[in-house]
Every structure is written in C-alpha cells, then in structure tokens.
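One letter stands for each residue in the lines below.
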Amino acid sequence: MRCIDWAGDRVRLLDQTCLPSDEVWLELSDHGSVIAAIKEMRIRGAPAIGVAGAYAVVLAAQQLRGAGSKAAFVAQLDTAAQEIANARPTGANLAWAVRRMIDVAHKAASPEAALTALTAEARAIQRQDEEANRRMGRLGADLLPAGAVLTHCNTGFLATGGYGTALGVILTAWCDGKLKHVYATETRPLLQGARLTAWELARAGAEATLLPDSAAGELMRRGKVQSAIVGADRIAANGDTANKIGTYVLAVLAKEHRIPFYIAAPTSTVDMTISSGREINVEERAPEEVTHLAGQRVAAQGVSVFNTAFDVTPAKYIAAIVTERGVAAPPYEASLKTLMESRDG
Ligand code: MRU
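With that settled, consider the domain arrangement of the protein chain. In terms of domains, the protein chain is made up of domain 1 (4-132) and domain 2 (134-344). The C-alpha centroid of domain 2 is placed 25 Å from the C-alpha centroid of domain 1. Counting from both sides, the interface comprises 26 residues of domain 1 and, opposite them, 31 residues of domain 2. When the area that domain 1 buries against domain 2 is broken down by residue, the three leading residues are R44, T90 and A132, summing to 25%. Run the count over domain 1 and domain 2 and you get one salt bridge. E283 is paired through a salt bridge with R88; the nearest N and O atoms lie 2.9 Å apart.

Printed below as a string of structure tokens:
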C-alpha cells in the first residue's frame, strides 16, 4: 500500500487531512500544488514528504522543458527546487531528495533527457525508501523485546514511500507473533496517532489501544509496555533526533522506567552535516492547530500558543537507531559514521 504514486504525468496522493473518515485521492499536476499539499499536511511524514518533493521536481521539469536551452531549463528548475525544498524545514528527507533530483537534472544532456531521467529517479527514490523500510522492519523486529510496544505519531505507509519505519518494525514484529499489543498515542495537536496510526493498525489487524499523550507515564508505571519505538525527521551525527512533538517526553519517561526507546529511520533522515540536535531547524506551525479542534475554537480567546511541530530528543535517551544499513548503538558519533560510510545490506 502506498499513499503517493506517479501516474504518468501527475502525482496521485491520499489526502491525509480527510482520514480516517474519507479516502480522498488528489491528482496534482504542478509543483506548486505539491508544495501546498506538503505545507497543509495532506501528505506528511519525513520520508513521504521526500518522495512528494521528488515528484514535485518532475512536475516542475514537465512545465519548464520548453524553457529553451539546457542552461535556462536548469536555472529555472533550480529555483523551483529551492521552493520545493523549503516547503517544510525539519525533515531531512525533503532537501535530500530534491538535491538528488537536481544532481540528475544537471547531468542530463537536454531538458527532454532530464525529464526522462528525473521521472526514473523519483520512482527510484520511492522504491528504495520502501525497500529500506522492509529491511528496517526485519532488523527492528528482531531487536524489539516481546510483549507490548508504545509508538507516537504516524510512521506507517502513510508517512513513507511504502510500508513504514517504526510502524513497519511494529507490524513485522506483530506478524512474527512477538508483539501482543500496540499502544499508540493520540499525538496532539493534529492527531496523527488517533487518525492515522490507529487506522493503519486496524487495517493490519493488530491489537491496539489509543491513549492521550499525557497518559504515557502512567502506562509505563503500570508496566504495560516493554519497549517504545518512533520514527525521526532528522538525526544529527551524534544521534540527537528530531521527531514529532512529545517524543522527548516519551524518551525521558522510558528511561525512568527502564524501557528501551528506539528510533527507526532510513539513512536519508540522517544528517551528518550537523554535529548535534542544537542545529536542527524546528518548524513552528499556526496557533489554530492548538486553539481549534475540527475547525471549532476550543481555547479561550486571546491566549498565546506554543506550537512547535517537533522536539529534539538527546541521544542519551535512545537505546538504538534502526536504519536499513543496520542498527546503530551508542555512542552514535562512531556507529552512525560507520553506517553512513557503509553500503546497503
Ligand atoms: O508533522 P508530521 O506528521 O509530518 O510529523 C511526522 C513525524 O514526526 C514522524 O514521526 C516522522 O516524520 C517519521 S515518519 C516515518
């Protein structure tokens, strides 16, 4: 199952703002519409945003192929690519995918050749993400202790090129018969857990329980979970990890309760250009996401809002980072460097 795909000359994507009540597929044929869909979180999750960004570059190339010389085409494509890469700032995968696409465009002999090569590259980015997820699923499932697991936000096929990162690990372990239960946080304010993860778990037939974000401490204190696993939007060279707001709280609570706290993310999420989480640009989003529920104001008028979309979990709270190239263990400076320098497999 995929939440995004290339449909010959346009992108098809499942509008995640309508889930779980309606399955609405959008067909987008210009890169501006894809940028809007990313900003409005119709497609979300760092790897899925990366795939959407790659297809957006193809759409821009489609529009610009009549721009004249190869130099004029590439110059205009660079400008469009910059706009695409800036759609959401925190996830590493978007800028990574757009850079990969632009390298392809620069190497092509003509605009027409570039368009063919870019289409193939975007499809390869999606296929490789899905393959990476399946490898992570196996590695992570072998790592998870038996029993019940806690997860946060949505990291399944809806958040990726296909299959899922942390949720891929969970579903692999579920199919192995290793997991007896999955606990998913609601994930305030946009409820990715309640709307999307609960929906994916139900479709997969996994036994799941939804909890308010603030109930995680009590869940752990009662000994209900044996591990926690989440995805990542950007991982610094020292293992500090940006992920959906609330991840940091869960990681600290897990340490207090001696529950291993894992990250699952493809190497396209690892940013070796930054030494620590202090350098991560954390997205701030509109106050209405907190003050309103389903379009209805629930907060008192006039109150100010702290709506940072992500937080940064220091590496010391993370028991291991599962990637498609292997499992990194602390100290992450050394293990991530080794993994990033290694080849797949
Ligand atoms: O704001 P979102 O919904 O895009 O945030 C998504 C997350 O934080 C995910 O945990 C992360 O992108 C990993 S998705 C495989």
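Another point: the site of the ligand. Near the ligand there are 18 residues, and of these R44, R88, D233, N243 and K244 occur at the shortest range. Contacts to the ligand include R44, whose side-chain N or O atom sits 2.8 Å from an oxygen atom. One nitrogen or oxygen atom from the main chain of A46 is found 2.9 Å from an oxygen atom belonging to the ligand. Computed on the free molecule, the ligand has an accessible area of 420 Å², of which 100% lies beneath the protein chains in the complex.

The next thing to look at is the side chain of N93. Along the polypeptide, N93 turns up in helix 4 (residues 92-107). Among the polar contacts listed, one links the side chain of N93 to the side chain of T269, at a separation of 3.0 Å. If we skip the residues at most four places from it in the chain, N93 touches A46, P47, G50, D233, P266, S268 and T269.

A few words on the sheet that holds strand 10 (residues 261-264). Think of a sheet as strands paired side by side through backbone hydrogen bonds, with each pair either parallel or antiparallel. The sheet built from seven strands is open, its strands ordered 6-5-4-7-10-15-16 with mixed pairing. If you trace the sheet from one side to the other, it starts and ends with strand 6 (208-211) and strand 16 (326-328), each paired once. Adjacent strand axes in the sheet meet at a mean angle of 25 degrees, parallel and antiparallel pairs treated alike. As judged from the two bridges shared by strand 4 (residues 147-151) and strand 7 (residues 227-230), these two strands associate in the parallel manner. Bridge pairing in strand 7 places V149 opposite S227. Contacts from helix 5 (residues 111-143) reach strand 10, strand 15 (320-323) and strand 16, with the element oriented near 150 degrees to strand 15. Strands strand 15 and strand 16 of the sheet are contacted by helix 11 (residues 332-341), whose axis makes an angle of about 160 degrees with strand 16.

Okay, the pattern of salt bridges next. Tallied over the full model, the rule gives 19 salt bridges. For R2, the salt bridge identified is with E130, shortest N-O distance 2.9 Å. With R2 in the segment before strand 1 (4-6) and E130 in helix 5, the pair connects residues that are 128 residues apart, well separated along the chain. Look at R2 and you get partly exposed, because its relative accessible area is 26%. Given the relative accessible area of 16%, E130 is considered buried. Ionic pairing is found between E40 and R42, a salt bridge with its closest N-O pair at 2.7 Å. Exposure remark for E40: the relative accessible area of 41% places this residue in the partly exposed category. When salt bridges that share partners are traced, they join D9, R10, R12 and E27 into one network.

How each quantity is defined
Residues numbered from 1 in each chain as written. Predicted model: local features only at pLDDT ≥ 70, side-chain atom pairs only at ≥ 80, totals over all residues. Heavy atoms only, no water. Domains from an automatic or database assignment. Contact = heavy atoms within 4.5 Å. Buried area = accessible area lost by both parts, 1.4 Å probe. Salt bridge = Lys/Arg side-chain N within 4 Å of Asp/Glu carboxyl O. Near = heavy atom within 4 Å. Polar contact = N/O pair within 3.5 Å; in protein donor to acceptor, adjacent residues only side chain to side chain. Areas by Shrake-Rupley, 256 points an atom, 1.4 Å probe, with all protein chains shown as cover. Helix = DSSP H or I, 4+ residues; strand = E, 2+ residues; numbered from the N terminus. Pairing = 2+ DSSP bridges. Axes fitted to C-alpha atoms, helices over the stretch in contact; angles between N-to-C directions. Buried < 20%, exposed > 50% of the residue type's maximum accessible area, 1.4 Å probe, protein only.

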